[in-house]
There are 2 protein chains.
Amino acid sequence: MNLILFYPEEMTLESNYVCLQGRRAEHIFNVHRAQVGDVLKAGVINGKIGEARVLNVTNDKIEFSFIPKNDPPEPSNVTLIIALQRPKTLKKVLQSAVSFGVKKFIFIESWKVEKSYWQSPLLEAEKLTEQIILGLEQGVDTVFPKIEFKRRFKPFVEDELSLMVNQKFNDKSIRAIIMHPGNYSKLTDFCYESNDLKFDENILIFGPEGGFTDYEVDKIVEAGCDICSLSTRILRTEYAVMTALGNFL
Amino acid sequence: MNLILFYPEEMTLESNYVCLQGRRAEHIFNVHRAQVGDVLKAGVINGKIGEARVLNVTNDKIEFSFIPKNDPPEPSNVTLIIALQRPKTLKKVLQSAVSFGVKKFIFIESWKVEKSYWQSPLLEAEKLTEQIILGLEQGVDTVFPKIEFKRRFKPFVEDELSLMVNQKFNDKSIRAIIMHPGNYSKLTDFCYESNDLKFDENILIFGPEGGFTDYEVDKIVEAGCDICSLSTRILRTEYAVMTALGNFL
């Protein structure tokens, strides 16, 4: 926990007094070993980052006064579109990409996505929020990402994705790339070549564990996306995503 | 397991017959649900990748004949030098970077490395081998990486690292970069700028959880390394490493 994250409603507005119980208090007491008078890094969800001056701390409760200082860091200019993953992988993808600063996720249906994944309790708002908070605490950021789920592949790609790729919001340049194993330009080379025209927004698209079908790849390319490969090797999804994000620091 | 990996001595030389027991058999039986006659991807450690034709398979034993086909994929041109991590993180770093194709790791001492990490059973050859095999199975590769441990920071950096950076083996160009949080060029920009002269070999250096000390950073830069930052955010080591590797696809 590199940042103590709390909701605005957990702070009294007059005195900036915050009292937290449970996981956060326990972590600060046992891992940070914080003591009265210590100054820790804290942040209000969707708000400022600043200093927490510890007033009182025990195993199950921490009280501090919060002094807001800085804006949260710049968001990443990458939107991730990922075929829905098994819950264990979804957790890792969310935590790691949120810690990197990704602010928009779209999880989509694909032929090789196991149907049961759509029933996972992890997809409930509360469970997603837990993963997001862990990612923000790690990455020292306060701003919640938007997460959408699209259970119908064809309408999403034909209608929504092609709109996302082709329309320019506020004159922003947008590029979308599907990452697919095969004899394509490597993402790094592709980015080098187009370095003269860096894009304001980038959309990266990843398939399910078994990969997109040929039909799905064709559909995504038809919607206006470029196609690149990451490696001749097969990487776990969470590592493939971070490897790709590394080209958009 | 995207590849069934076995030692040369597990195969009879005359008939290319292989019999495996334990973890691999169990996985192939329960997860792959392989049946007699199936053809699976297999590889000999430090040798060829090819086809395993299943002769017999049960919960605890698989027998197949192996037909070698292709060489393993090209190795990554990145050497990783990383301050020793806590065992849980070390496992993840090894598995993920091995699956990416990294063939040389040097784990080093640093002021903020907890002394107990050097006593971890994970540092024993047998335990390291387990992690390496998991990484190779994931990445569909057969070639074992070299792993070294350097328990004395100063002699390593002053003598060995500066030699690695400054001497050119077989006329290969070598560049070393220390990844350090701060107001430095981002790795991606740095790589873009030096794109005209791509290097044959790259050395990437990562600090411990709490970061290198200023003294350590100075020493590493004195040894001839450039300095770059990955992000204003703090990433878990395994994700930071993959993010950096993404610039060297």
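Residues numbered from 1 in each chain as written. Chains lettered and ligands numbered in written order. Predicted model: local features only at pLDDT ≥ 70, side-chain atom pairs only at ≥ 80, totals over all residues. Heavy atoms only, no water.

**Thoughts on the interface of chain B and chain A**
- Contact with chain B, which involves 37 residues of that partner, is made by 37 residues of chain A.
- Note on chain B versus chain A: buried area summed over both sides is about 3100 Å², and carbon and sulfur give 54% of it.
- The three residues of chain B that bury the most area against chain A are B:Tyr192, B:Arg233 and B:Leu249, which together make up 27% of that side's buried surface.
- Applying the counting rule to chain B against chain A returns 2 salt bridges. (Contact = heavy atoms within 4.5 Å. Buried area = accessible area lost by both parts, 1.4 Å probe. Salt bridge = Lys/Arg side-chain N within 4 Å of Asp/Glu carboxyl O.)

**A look at the domain arrangement of chain A**
Residue and element names in this part refer to chain A.
- Examined at the domain level, chain A breaks down into domain 1 (4-70) and domain 2 (78-248).
- The C-alpha centroid of domain 2 is placed 33 Å from the C-alpha centroid of domain 1.
- Between domain 1 and domain 2 we count 1 salt bridge in total.
- The partner of Arg-23 in a salt bridge is Glu-137, and the shortest N-O contact between them spans 2.8 Å.
- Between the two partners, domain 1 and domain 2, sit 4 residue pairs in polar contact (both at pLDDT 80 or more).
- Going through the elements one at a time, helix 1 (23-30) and strand 3 (39-44) are the ones with two or more residues in the side of domain 1 that touches domain 2.
- Its residues assigned to classes, the side of domain 1 that touches domain 2 shows 5 nonpolar, 3 polar and 4 charged. (Domains from an automatic or database assignment. Polar contact = N/O pair within 3.5 Å; in protein donor to acceptor, adjacent residues only side chain to side chain. Helix = DSSP H or I, 4+ residues; strand = E, 2+ residues; numbered from the N terminus. Nonpolar A, V, L, I, M, F, W, Y, C, P; charged D, E, K, R; others polar.)

**So, unusual backbone geometry**
- One non-glycine residue, A:Arg33, lies in the positive phi region at around 50°.
- On the secondary structure map, A:Arg33 appears in the loop between helix 1 and strand 3.
- Among the residues examined, A:Arg33 registers a relative accessible area of 63% and is labelled exposed.
- Of note in the backbone geometry, B:Asn16 takes a positive phi value of approximately 55° without being a glycine.
- Accessibility expressed as a relative area gives 23% for B:Asn16, which makes it partly exposed. (Buried < 20%, exposed > 50% of the residue type's maximum accessible area, 1.4 Å probe, protein only.)

**Description of the sheet that holds strand 3 (residues 39-44) of chain B**
Residue and element names in this part refer to chain B.
- Overall, mixed pairing links the 5 strands, which are arranged 1-3-4-5-2 in an open sheet. Unpaired on one side and paired on the other, strand 1 (4-6) and strand 2 (17-21) mark the two borders of the sheet. Across the sheet, the mean angle from the axis of one strand to that of its neighbour is 40°, orientation sign disregarded.
- Pairing between strand 1 and strand 3: 3 bridges, direction parallel. From the neighbouring strand, Ile-4 faces strand 3, where its bridge partner is Ala-42. (Pairing = 2+ DSSP bridges. Axes fitted to C-alpha atoms, helices over the stretch in contact; angles between N-to-C directions.)

**Some words on the nonpolar core**
- Counting residues in hydrophobic clusters, the biggest one holds 130 residues, and the most contacted among them are A:Leu80, B:Leu80 and B:Leu161.
- When neighbours within four sequence positions are excluded, B:Leu161 is seen to be in contact with B:Ile81, B:Phe156, B:Ile205, B:Ile220, B:Ala223 and B:Cys225. (Core = buried A, V, L, I, M, F, W, Y, C linked by side-chain atoms within 4.5 Å.)

**As for the packing of aromatic side chains**
All names here are of chain A.
- In the structure shown here, the tally under the stated rule is 13 aromatic pairs over all chains.
- Relative to Phe-66, the ring of Phe-6 has its centre 5.1 Å away and its plane inclined at 85°; by these criteria the two rings are edge-to-face. Linking Phe-6 in strand 1 (residues 4-6) with Phe-66 in strand 5 (residues 61-70), this pair joins segments that are 60 residues apart in sequence.
- We classify Phe-6 as buried; its relative accessible area is 0%.
- Plain terms: the ring middles of Trp-118 and Phe-149 are 6.4 Å apart, the flat faces sit at 80° to each other, and that makes the pair edge-to-face. You can see Trp-118 sitting in the loop between strand 7 (104-108) and helix 3 (125-139) and its partner Phe-149 sitting in strand 8 (residues 146-150), a full 31 residues away along the chain.
- One aromatic cluster is present, formed by Phe-105, Phe-107, Trp-118 and Phe-149 through successive ring pairs. (Phe/Tyr/Trp six-rings, centres within 6.5 Å; stacked < 30°, edge-to-face > 60°.)

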